[in-house]
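Each chain, written out:
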Amino acid sequence: APLHPSGGFSTTPSSGLPHKGGGNSIDSLDNLAPPRPPFEDVEMICLVGRGSFGRVYKARWDISTVALKVVEHFEEAKPS
């Protein structure tokens, strides 16, 4: 990359035209993938443990093996 007069690297291509659509520019937001629903890409493999607050599963997330905790929520009956 060509050196900038200040001694740093130039952020514009060698054509001298302004750089558009890369790095941290506002135009790069158009290149982002749409968000996916949470946990859509998590695959539960097997139950590892169970406790008073929930269950823990061995799971796969992308290429990683992870622990997935499912917290059980109990509502106490309110006094009348």
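Residues numbered from 1 in each chain as written. Predicted model: local features only at pLDDT ≥ 70, side-chain atom pairs only at ≥ 80, totals over all residues. Heavy atoms only, no water.

Draft legend 1. View of the overall build of the protein chain. The secondary structure content of the protein chain amounts to 0 helices and 3 strands. Listed N to C, the secondary structure of the protein chain is β-β-β in terms of helices and strands. The buried share of the protein chain, taken over its 80 residues, is 8%. Within the protein chain, counting contacts between residues at least 6 apart in sequence, those at least 24 apart form 3% of the total. Only carbon and sulfur atoms are counted for the fraction: they give 59% of the accessible area of the protein chain, which is about 7400 Å². (Helix = DSSP H or I, 4+ residues; strand = E, 2+ residues; numbered from the N terminus. Buried < 20%, exposed > 50% of the residue type's maximum accessible area, 1.4 Å probe, protein only. Contact = heavy atoms within 4.5 Å. Areas by Shrake-Rupley, 256 points an atom, 1.4 Å probe, with all protein chains shown as cover.)

Draft legend 2. Local environment of a nonpolar patch on the surface. Taken together, the side chains of Ile26, Leu29 and Leu32 make up a nonpolar region of the molecular surface, amounting to roughly 350 Å² of accessible area. Looking at the secondary structure, you find Leu29 in the segment before strand E1 (42-50). (Patch = residues over 30% accessible without salt bridge, like charges linked within 9 Å, V, L, I, M, F, W, Y side chains within 5 Å. Salt bridge = Lys/Arg side-chain N within 4 Å of Asp/Glu carboxyl O.)

Draft legend 3. Up close: the pairing of strand E2 (residues 54-61). In this sheet, E2 lies alongside E1 in antiparallel orientation, the contact comprising 7 bridges. Paired with Met44 across the strands is Ala59, a residue of E2. Counting the residues that bridge the hairpin from E1 to E2 gives 3 residues. Across 8 bridges, E2 lies against strand E3 (residues 64-71) in antiparallel orientation. Its bridge partner lying in E3, Lys58 is registered against Ala67. The antiparallel pairing of E2 with E3 creates a hairpin that spans 2 residues between the two strands, and Asp62 there sits at a positive phi of about 60°. (Pairing = 2+ DSSP bridges.)

Draft legend 4. Representation of the pattern of salt bridges. Enumeration according to the criterion identifies 1 salt bridge in this entry. Arg55 is paired through a salt bridge with Glu72; the nearest N and O atoms lie 2.6 Å apart. Of this pair, Arg55 sits in strand E2 while Glu72 is found in the segment after E3, placing the two residues 17 residues apart along the sequence. Classification of Glu72 as partly exposed rests on a relative accessible area of 28%.

So, to be careful, I would describe these as geometric facts and stop short of saying anything about function.
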